[in-house]
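Per-entry structural report
Listed below are the residues making up each chain.
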Amino acid sequence: MKSMRVKLAMALIPLGIIIAAVPANTTKQYKLTAVQLLEEIKDGTQFFTPDAVAEMVIQKDPTLQLIDVRSKDEYEKFHLSGAINIPLSDILSPDNEYILDQDVKMNIFYSNGSTKANEAWMVLRQLGYENIYVLQGGMNYWAETIMNPEKPASSSPDDEFAKYDFRKGASSALGGGTLESTSGSVPSAPKPVIKKRPKKKRAAGGC
Amino acid sequence: MSKNSNKKYWNPYMGGVLLGLVLLAAFYVSGRGLGASGAVKSAVVTGVQTVAPSHIESNEYYQKYNKSHPGGPLHNWLVWEMLGVIVGGFVSGAMSGRLKWKVEHSPKITSKTRLIFAAIGGVFFGFGSQLGRGCTSGSALSGMAVMSLGGFITMAFIFGTAFAFAYFARKLWI
Amino acid sequence: MGPLVVYDIISANTNLLLAFIVGIGFGFVLESSGFSSSRTLAGMFYGYDTTVLKVFFTAAIVAMLGLLFFSLFGWIDLNLIYINPTFLWSAIVGGAIMGIGFILGGFCPGTAVCAFSIGKLDALMFIGGLIVGILIFTEGFPLWKGLFYAENMGTPTMDKFFGIPQGLFALLMILVAFGMFYVGDWAEKKFPRDEY
């Protein structure tokens, strides 16, 4: 009995010393497999059109959180109204975790184009973060569509005009261009559909 | 001395290591530890549901249980685990020739006394396991393995109280 | 990457099958270690048989070490492991009531089922008592609801509570366990049990 105790102690105590000596594994584990991520990329569920985002900005949707992933300098020069700045290199910093990893707000990343924002999305999405999206086309496309919308040809279908009206309205509401409406009212853009993703939960317990 | 009867049992340290590995397997497979009283609770809830379904509706605790266990008792992890325990215990007992209907008791008390106290002990344990959110295996053992504060508290109070009352119950055992 | 079921590596039904297999292992180890005997279990409290102490704590430290090493190797995500919530008062009072049940009944729920599987009739009575106890708790739930939900501390773990790394806590736990095993072996010599 005693010898068994000594043997066990000789096995377990060194293991305990090892585990106490090595730093705990705090690496964030990938929550999505490469295949799952590829599926989401193929579906493009992460993209929000500038129209949908503009609509939310105008409506002052409280769940919207625009995140500028460009550098601090670029952010200070110009950024979308209400956006906060988390440069791409800082997205894994623990200070930002509470902003990024949550399930209340819709975090929409943007950069000049889509690339940086999409990179941020991919990294965080793989960690299983919820409610993160990308502004389609980034600031460039935003400027093109919202700030300086192109008037559709007179032969275009009605909804082209409606879109144009909305963009003109949005542009003026957001402080760009001049209000020049073709019909006077600002039709509301279709509400963005938020796709619910299954959330990984702790295993349920209970004895 | 008790040497003879003890020899048939495994060395406790070996048993402990193997039990630890079983517990680890449970965590690896399903992210939760072992448990026992939860399975009995499942059986109780199912029983009540069969006998008096309307009663379930009016009781908050049953409602809470049903909400957290969709799919009924046959989809309950602990129920299947306890069915496994019956099989595993039976196989082990069969292998070492311990299968026998009997009432184990101290020579100082009768079988009847032992049975009565076993039942009383069961009532206490059943009640306590619900209040303490788990029994020795579910709360104390599994809780300690994941370093849960609650697991350590429950463990300390189970064994502490049992030690404190051991003197008064000594006639039952020695 | 574990836990398997959380990562959808295995289906819900496979999980139940594995629960059954894990249960077989649990039952086999309990029985083989002598946990099917109420006198072995109760012996813990009189010092004549400290099997329970040894098995229980060895299992806890082995599983604890295993989880930490699995996490270190990236085999299991500890964030997804169920940690039982701590409600201070219900843990204390519930634990104390279970302690009384333990010393009177000589079993705990898991060991009672295990003992019943090899034909212990006192274990059957104990299980009957368990059912009654659970029924009393459920039926009278409004009476102890306040106690049940009092002092919710969330899911604190010992390492966070004391502000030390997990690994260090595990090491301390191992040292404490071996200290207790030493005392246990000493007590068995000091309080030998008469054969019955």
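In this text the structure is predicted, and so the values were computed from the model without any measurement. (Residues numbered from 1 in each chain as written. Chains lettered and ligands numbered in written order. Predicted model: local features only at pLDDT ≥ 70, side-chain atom pairs only at ≥ 80, totals over all residues. Heavy atoms only, no water.)

With that out of the way, let us pick up the interface of chain C and chain B. Contacts between chain C and chain B engage 127 residues on the former and 121 residues on the latter. Viewed at the interface, chain B and chain C are joined by four salt bridges. Note that B:Glu60 and C:Lys145 form a salt bridge whose closest N and O atoms lie 3.1 Å from each other. Taken together, the connections running from chain C to chain B amount to 40 residue pairs in polar contact (both at pLDDT 80 or more). (Contact = heavy atoms within 4.5 Å. Salt bridge = Lys/Arg side-chain N within 4 Å of Asp/Glu carboxyl O. Polar contact = N/O pair within 3.5 Å; in protein donor to acceptor, adjacent residues only side chain to side chain.)

Moving on, we come to the packing of helix 9 (residues 149-166) of chain B against helix 4 (residues 88-105) of chain C. Look at helix 9 of chain B against helix 4 of chain C: their axes get within 7 Å of each other, and the N-to-C directions meet at 40°. Taken as axis vectors, helix 9 of chain B and helix 4 of chain C run oblique relative to one another. Along this stretch, helix 9 of chain B crosses helix 4 of chain C, giving a crossing that reads as right-handed. Residue-level contacts link B:Ile153, B:Thr154, B:Phe157, B:Ile158, B:Phe159, B:Thr161, B:Ala162, B:Phe165 and B:Ala166 of helix 9 of chain B to C:Leu88, C:Ala91, C:Ile92, C:Gly95, C:Ala96, C:Met98, C:Gly99, C:Ile100, C:Phe102 and C:Ile103 of helix 4 of chain C. For the contact of helix 9 of chain B with helix 4 of chain C, the class distribution of residues is 15 nonpolar, four polar and no charged. (Axes fitted to C-alpha atoms, helices over the stretch in contact; angles between N-to-C directions. Helix = DSSP H or I, 4+ residues; strand = E, 2+ residues; numbered from the N terminus. Parallel < 35°, antiparallel > 145°, perpendicular 65-115°, else oblique. Left-handed = near helix turned anticlockwise from the far one by under 90°. Nonpolar A, V, L, I, M, F, W, Y, C, P; charged D, E, K, R; others polar.)

Under the criterion given, the structure shown has 11 salt bridges over all chains. One salt bridge in this structure joins A:Glu76 and A:Lys72, with 3.9 Å as the shortest N-O distance. Residue A:Glu76 and its partner A:Lys72 are both found in helix 4 (residues 72-77); the two are separated by four residues, about one turn of the helix. No difference in accessibility class separates A:Glu76 from A:Lys72, as the two residues are exposed. Of the charged contacts in the structure, one is a salt bridge between C:Lys54 and C:Glu188, with a shortest N-O distance of 3.2 Å. Of the two residues, C:Lys54 sits in helix 3 (residues 51-72) while C:Glu188 sits in helix 9 (residues 166-190), which places them 134 residues apart along the sequence. (Buried < 20%, exposed > 50% of the residue type's maximum accessible area, 1.4 Å probe, protein only.)

Core analysis: the largest hydrophobic core is formed by 102 residues, its most contacted members being C:Phe45, C:Phe57 and C:Ile103. For this core, the element with the highest residue contribution is helix 3 of chain C, accounting for 15 residues. Beyond its immediate chain neighbours, meaning those up to four positions away, C:Phe45 contacts B:Phe159, B:Ala162, B:Phe163, B:Ala166, C:Phe102 and C:Ile103. (Core = buried A, V, L, I, M, F, W, Y, C linked by side-chain atoms within 4.5 Å.)

A few words now on the sheet that holds strand 1 (residues 47-48) of chain A. Two orientations exist for strands paired in a sheet by backbone hydrogen bonds: parallel and antiparallel. Residue and element names in this part refer to chain A. Judged by pairing direction, the sheet is parallel, and its five strands sit side by side in the order 1-5-4-2-3 without closing on themselves. Every interior strand has two partners, whereas the edge strands, strand 1 and strand 3 (84-85), have only one. Strands strand 1, strand 4 (106-110) and strand 5 (132-135) of the sheet are contacted by helix 6 (residues 115-126), whose axis makes an angle of about 170° with strand 5. (Pairing = 2+ DSSP bridges.)

The side chains of a regular strand alternate between both faces of the sheet. Residue and element names in this part refer to chain A. Burial of strand 2 (residues 64-68) is extensive: five of the five residues sit out of reach of the surface. Burial of the side chains of strand 2 extends over both faces: Leu64, Leu66 and Asp68 are buried on one face and Gln65 and Ile67 on the other. Bridging between strand 2 and strand 3 involves two bridges; their strand directions are parallel. Bridging across to strand 3, Ile67 finds its partner in Ile84.

Attention now goes to the side chain of B:Glu81. In this fold, B:Glu81 is placed in helix 6 (residues 77-95). Buried and unpaired, B:Glu81 has B:Arg32 as its nearest opposite-charge partner, separated by 6.2 Å. Dropping the residues within four chain positions of it, B:Glu81 is found in contact with B:Gly33, B:Leu34, B:Gly35, C:Ala19, C:Phe20, C:Gly23 and C:Phe26. (Lys, Arg positive; Asp, Glu negative; His and termini not counted.)

In this section: unusual backbone geometry. Although it is not a glycine, A:Lys60 adopts a positive phi angle of roughly 55°. The phi torsion at C:Glu151 lies on the positive side, around 50°, for a residue other than glycine. Secondary-structure assignment places C:Glu151 in the loop between helix 7 (141-149) and helix 8 (158-162).

Attention shifts here to the packing of helix 9 of chain B against helix 3 of chain C. Where helix 9 of chain B meets helix 3 of chain C, the axes come as close as 14 Å, and the angle between the chain directions of the two elements is 175°. The angle between helix 9 of chain B and helix 3 of chain C places the two elements in the roughly antiparallel class. Residues B:Phe152, B:Met155 and B:Phe159 of helix 9 of chain B form the contact with helix 3 of chain C, whose participating residues are C:Val52, C:Phe56, C:Phe57 and C:Met64. Split into classes, the residues belonging to the contact of helix 9 of chain B with helix 3 of chain C amount to seven nonpolar, no polar and no charged.

For the rest of this paragraph, the subject is the domain arrangement of chain B. Residues and elements named next belong to chain B. Each assigned domain of chain B is listed with its residue range as follows: domain 1 (9-100) and domain 2 (102-174). Each of domain 1 and domain 2 was reduced to a C-alpha centroid, and the two centroids are 17 Å apart. On the domain 2 side, the residues contacting the 11 residues of domain 1 number 11 residues. A combined buried area of about 800 Å² lies between domain 1 and domain 2, and 63% of that area is made up of carbon and sulfur atoms. Linking domain 1 with domain 2 are zero salt bridges. (Domains from an automatic or database assignment. Buried area = accessible area lost by both parts, 1.4 Å probe.)

A separate point is the packing of aromatic side chains. Following the criterion strictly, the structure yields 35 aromatic pairs over all chains and no others. Note on B:Tyr61 and C:Phe148: the rings are 6.0 Å apart at their centroids and 80° apart in plane angle, and the pair reads as edge-to-face. Residue B:Tyr61 is found in helix 5 (residues 60-68), and its partner C:Phe148 is found in helix 7; the two belong to separate chains. Comparing B:Tyr61 with C:Phe148, the two get one shared label, buried. Through pairs of rings, three or more aromatic residues link up here, namely B:Phe125, B:Phe159, B:Phe163, C:Phe45, C:Phe56, C:Phe57, C:Phe102, C:Phe107 and C:Phe126. Seen from the ring of C:Phe87, B:Arg133 lies directly overhead, with NZ or CZ sitting 3.4 Å from the centre. In this structure, B:Arg170 packs its charged tip against the face of B:Tyr167, placed 4.0 Å from the ring centre. (Phe/Tyr/Trp six-rings, centres within 6.5 Å; stacked < 30°, edge-to-face > 60°. Lys NZ or Arg CZ within 6 Å of the ring centre and 35° of its normal.)

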